[in-house]
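# Understanding the architecture of this molecule
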Amino acid sequence: MEATKKVFDFLEKAGTFYLATVEGDQPRVRPYGAMLYFEDKIYIMAFGKTNATRQIENNQKAEICAFKGQTLRIACKLVEDNRPEVGRALIEKMPVLKTALGENCENGVMYYLKDAKADFFKMMELVETVSF
């Protein structure tokens, strides 16, 4: 299975994942759930201009963590991609977001994971590492 799809499938099963960004010298972590597999990339969505989007604008490095029977930790860069077709694909996948995000996700910011390294752990033991 392709690494990117394997990681996305894990995130999808977990439902909620935690995004860590950096603000100066302080890590900031928050829960997320809006994700999309589009054009062989994993996308996440943040609402409008928030602390998280400002932090990503200043430093693209981030980590994502999720748990579903085992732990997944991803180190990556987040690259903004607000093409209307990406937003429409997210709205199609998650129609409940349409009212808040707008027709083309114009009230959200879409990011794809770049230069990603994903580690899968079971009982604190590294099981597998994949890059995408």
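The structure under discussion appears in the preceding block.
So, a few notes on the structure that sits alongside this text. All chains use their own residue numbering, which begins from 1 and follows the written sequence. This being a predicted model, a pLDDT of at least 70 is required before a residue's local features are given, and a value of 80 or more before pairs of side-chain atoms are given or counted; all residues contribute to the totals for chains, interfaces and linings. Hydrogens and water molecules were not included; the side-chain quantities draw on all heavy atoms of the structure.

### What about the packing of aromatic side chains?
To describe a pair of aromatic rings, you give the distance between the ring centres and the angle between the ring planes. Any Phe, Tyr or Trp ring, taking Trp's six-membered ring, that has another such ring centre within 6.5 Å forms a pair; planes under 30 degrees apart are called stacked, those over 60 apart edge-to-face, and the others tilted. Enumeration over the complete set of coordinates arrives at five aromatic pairs. Here the aromatic rings of Phe-8 and Tyr-37 are separated by 5.6 Å at their centres, their planes lie at 40°, and the arrangement is tilted. Highlighted residues: Phe-8 in helix 1 (residues 3-14) and Tyr-37 in strand 3 (residues 35-38), separated in sequence by 29 residues. Burial classes follow relative accessibility: with a 1.4 Å probe on protein chains only, a residue under 20% of its type's maximum area counts as buried, one over 50% as exposed, and anything between as partly exposed. On the basis of relative accessible area, Phe-8 is assigned to the buried category, the value being 5%. The class for Tyr-37 is partly exposed, based on a relative accessible area of 22%. Ring plane angle 80° and centroid distance 5.7 Å describe the contact between Phe-10 and Phe-120, whose orientation is recorded as edge-to-face. The helix count covers DSSP runs of H or I at least four residues long, the strand count covers runs of E at least two residues long, and both are numbered beginning at the N terminus.

### Structural notes on the pairing of strand 6 (residues 71-80)
Across a regular strand the side chains alternate sides, sitting on one face of the sheet and then on the other. Relative to strand 6, strand 5 (residues 61-67) is paired through seven bridges, and the arrangement is antiparallel. Of the residues in strand 6, the one forming a bridge with Ile-64 is Ile-74. Where strand 6 meets strand 7 (residues 108-122), nine bridges bridge the pair, whose relative direction is antiparallel. Residue pairing in the sheet places Val-79 in a bridge with Tyr-112 of strand 7. A strand pair is defined by DSSP finding two or more bridges across the two strands.

### Details of the nonpolar core
By nonpolar core is meant a set of buried Ala, Val, Leu, Ile, Met, Phe, Trp, Tyr and Cys residues that side-chain atoms within 4.5 Å join together. If you look at the biggest cluster of nonpolar residues, it comprises 28 residues, and the most contacted ones within it are Val-7, Leu-11, Ile-74 and Leu-78. For this core, the elements supplying multiple residues, two or more each, are helix 1, strand 1 (17-23), strand 4 (41-47), helix 2 (51-58), strand 5, strand 6 and strand 7. Examining the composition of this core, we find that six residues originate from one element, strand 7, more than from any other. Residue contacts follow a heavy-atom distance rule, with two residues in contact if any of their heavy atoms lie within 4.5 Å. Ignoring any residue separated from it by four or fewer positions in sequence, one finds Ile-74 in contact with Val-7, Leu-11, Ala-62, Glu-63, Ile-64, Leu-113, Ala-116, Lys-117 and Ala-118. Residues Tyr-43, Ala-89, Leu-90 and Leu-101 belong to the second largest nonpolar core, which totals 15 residues.

### Side note on the side chain of Asp-81
By secondary structure assignment, the location of Asp-81 is in the loop between strand 6 and helix 3 (84-93). Taking the relative accessible area as the measure of exposure, Asp-81 reaches 9% and is therefore buried. For the purposes of these results, a polar contact is taken to be a pair of N or O atoms within 3.5 Å, where, inside protein, one atom must be able to donate a hydrogen and its partner to accept one; residues adjacent in sequence count only when each atom of the pair is a side-chain atom. In terms of polar contacts, Asp-81 uses its side chain to reach the side chain of Arg-83, at 2.9 Å. Contacts of Asp-81, omitting those with residues within four sequence positions, involve Tyr-43, Val-86, Met-110 and Tyr-112.

### Focus on the environment of Glu-92
If you trace the backbone, Glu-92 turns up in helix 3. Given a relative accessible area of 69%, Glu-92 falls into the exposed group. In sequence terms Glu-92 and Asp-81 are eleven residues apart; their C-alpha atoms lie 17 Å from each other.

### Section: helix 3
Among all positions in helix 3, only Val-86, Gly-87, Ala-89, Leu-90 and Ile-91 are buried. In this structure, the buried residues of helix 3 make contact with strand 3, strand 4, helix 4 (98-101) and strand 7.

### Considerations on helix 2
Burial in helix 2 covers these residues: Ala-52, Thr-53, Gln-55 and Ile-56. For helix 2, the arc enclosing every buried residue in end-on projection is 160°, short of the 170-degree limit, so these residues lie on one face. More than 90 degrees from the buried face of helix 2, the exposed residues found are Glu-57 and Asn-58. Residues of helix 2 that are buried in the fold lie against strand 1, strand 2 (26-32), strand 4, strand 6 and strand 7. Here the arc refers to the directions that run from the helix axis out to each C-beta atom.

Such coordinate-based values are descriptive only and should not be taken to indicate function.
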